[in-house]
Amino acid sequence: LRSKLPNVGTTIFTKMSALAEEHQALNLAQGFPEFDCAPALQRLADKYVKSGKNQYAPMPGALPLREAIARKTFESSARDYHPVTEITITSGATEALFVAISTVVHPGDEVIVFEPAYDSYVPAIELSGGIPVFVTLDPQYESIDWQAVRARVTEKTRAIVINTPHNPTGKVWTAADLQQLAALAEESDLIVISDEVYEYIVFDGREHISAASLPSLAGRTFVCGSFGKTFHTTGWKLGFCLAPAHLTAEFRKIHQFLVFSVVTPFQFAVAEYLSEPEHYLSLSAFYERKRDLFNDAIQDIGFTLKPSEGSFFQNVSYAHLSDEKDTTLAERLTREIGVASIPVSAFYAGETDYKTLRFCFAKHDNTLEKAGKLLKQAR
Ligand code: PMP
Ligand code: GLN
């Protein structure tokens, strides 16, 4: 068989989780919460499983969930997405991203992707015959070089994929970044695919600014979100896509033949749970405390902590401590010390040597403290 993705192997998340399991290591690698979702949400799921919500949901998603998403988006972004024509429930953000990219990209189209990049964007672009064009974020994660982005736009550029808060860096885009993006997208007539799965995890008083909140962007953007991050339910694979009606109509043509519709009872459970904004608005404070606790636990090791402005990841540089490649070090720490992390080079298409590890702090406090103690022995 001639591979359609010749350069793709098993994802780094699968690899590092397997290695962590093999060595009984603390898994601060793959990004998922160690704790369970709220009992109230479990009871809602149970209620809908037991009350007959077990057949196909409508193709675009259960209407009460689309309505709840419309309400929460209006509160946060002042953009009024129509639940019937502009909101689609997907199998996680992964499906939303894949379908949005498939909707837009034709063979030969170029798509701008920021590196380091979450691993699902590039294969989706390539499967549609598109060409990813990379813009590298500065290694200190401080700012976006808009000159460099503009320099990559050609007449073949069709779309740009953004991600804020950003995985793996934890960078949160500023209002100025989104304004730059809006100007560029308009000038060059680009479609924007905005991955906002960490929308409710922002730190130190920062605000998540959705592409939906800028009218000129909202008209050309697929906003992809996920309840996995927001409600500690990554295993439910429940996400959504917001886009203007003309884009949504094309998006649904692909969604209907990829999955048709997604898990029904959980859609009703999440719809009801969303009626209480505190359920998601408390998430930033919850994770900010964990970020600080983890940073305290690793402070004497000598790592340089990169800014974690949002998401549940802390990146550390060890360039001044060791010459090892990040893949070698991540594997060695898993095997020898019992703490698994993700080598950030995995988020780049080419070879890099930034000597940076990503730790996920969506873990119990005692796991984070224990990881700090173990990592100290690695000195
Ligand atoms: N985008 C980013 C940046 C992510 O970190 C994740 C998480 N795993 C996803 C998309 C996929 O989300 P989901 O699990 O809802 O498919
Ligand atoms: N988004 C998660 C991470 O960045 C992993 C999801 C997955 O395993 N595909 O770690």
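Criteria and cut-off values
Residues numbered from 1 in each chain as written. Chains lettered and ligands numbered in written order. Predicted model: local features only at pLDDT ≥ 70, side-chain atom pairs only at ≥ 80, totals over all residues. UniProt positions renumbered as here; feature names shortened; annotations may be inferred. Helix = DSSP H or I, 4+ residues; strand = E, 2+ residues; numbered from the N terminus. Rg over C-alpha atoms; globule rule 2.2 N^0.38 Å. Buried ≥ 20, exposed ≤ 12 C-beta atoms within 10 Å, placed from the backbone. Near = placed C-beta within 6 Å. Nonpolar A, V, L, I, M, F, W, Y, C, P; charged D, E, K, R; others polar. pLDDT = per-residue confidence, 0-100. Domains from an automatic or database assignment. Contact = placed C-beta atoms within 7 Å. Pairing = 2+ DSSP bridges. Axes fitted to C-alpha atoms, helices over the stretch in contact; angles between N-to-C directions. Core = buried A, V, L, I, M, F, W, Y, C linked by C-beta atoms within 7 Å.

Per an unreviewed UniProt entry, the recorded name for the protein chain is Aminotransferase, and the organism is Dyadobacter beijingensis. Recorded under Cofactor (unreviewed entry), the UniProt text for the protein chain is reproduced unchanged: "pyridoxal 5'-phosphate".

**Student:** If you had to explain the overall build of the protein chain to someone new, which residues and values would you point to?
**Tutor:** Assigned secondary structure in the protein chain consists of 15 helices and 13 strands. For a compact globule of 379 residues, the expected C-alpha radius of gyration is about 21 Å, and the protein chain comes in at 20 Å, within 12% of that figure. Expressed as lengths along the three principal axes of its C-alpha atoms, the size of the protein chain is roughly 55 × 55 × 50 Å. When burial is assessed residue by residue, the protein chain has 47% of its 379 residues classed as buried.

**Student:** Describe the UniProt feature "domain: Aminotransferase class I/classII large" (unreviewed entry) in the protein chain, listing the residues and the values that go with them.
**Tutor:** Mapped onto the present numbering, the UniProt feature "domain: Aminotransferase class I/classII large" (unreviewed entry) falls on residues 26-366. The span residues 26-366 carries 39% helix and 17% strand; its end-to-end C-alpha distance comes to 11 Å.

**Student:** Go over the site of ligand 2 with me, naming the residues and quoting the values.
**Tutor:** Every residue close to ligand 2 is listed here: Thr11, Phe13, Gln30, Gly31 and Asn167. Looking at side-chain class alone, the shell around ligand 2 contains one nonpolar, four polar and no charged residues.

**Student:** Requested: an account of the confidence of the model for the protein chain, with residues and values cited.
**Tutor:** Scored by pLDDT, the protein chain has a mean of 96; 100% of the residues are at 70 or more. If you check the scores for this complex, the pTM reads 0.97 and the ipTM reads 0.97.

**Student:** Got a sec to walk through the domain arrangement of the protein chain? Specific residues and values, please.
**Tutor:** On domain assignment, one finds that the protein chain holds domain 1 (12-30 + 282-376) and domain 2 (51-275). Taking only C-alpha atoms, the centre of domain 1 and the centre of domain 2 are 26 Å apart. Each side of the interface is counted separately: domain 1 has 23 residues, and domain 2 has 25 residues. Those elements that provide at least two residues to the side of domain 1 that touches domain 2 are α13 (283-297) and β10 (313-317). With five residues, the top contributor of residues to the side of domain 1 that touches domain 2 is α13.

**Student:** An account of the environment of Pro168 is needed here, citing residue identities and associated values.
**Tutor:** Residue position: Pro168 is located in the loop between β5 (157-163) and α7 (175-188). Along the chain, Pro168 and Thr334 lie 166 residues apart, while their C-alpha atoms are 19 Å from each other.

**Student:** If you had to explain the sheet that holds strand β3 (residues 110-115) to someone new, which residues and values would you point to?
**Tutor:** Sheet architecture is open: seven strands sit in the order β2-β8-β7-β6-β5-β3-β4, paired in mixed fashion. The open sheet has two edge strands with one neighbour each: β2 (87-91) and β4 (131-136). The mean inter-strand angle of the sheet, taken between neighbouring strand axes irrespective of direction, is 25°. Direction of pairing for β5 relative to strand β6 (residues 191-195): parallel, over a ladder of five bridges. Paired with Asn163 across the strands is Asp195, a residue of β6. Helix α10 (residues 245-258) contacts β2, β7 (221-226) and β8 (238-242) of the sheet and is inclined by roughly 30° relative to β2.

**Student:** Could you give me a rundown of the nonpolar core, with the residues and numbers involved?
**Tutor:** Residues Leu97, Ala100, Ala159, Val192, Ile193, Cys241 and Val270 are the most contacted members of the largest nonpolar core, which totals 110 residues. If one sorts the elements of this core by residue count, helix α4 (residues 92-104) sits on top with eight residues. When residues of this core are sorted by domain, at least three fall in each of domain 1 (12-30 + 282-376) and domain 2 (51-275).

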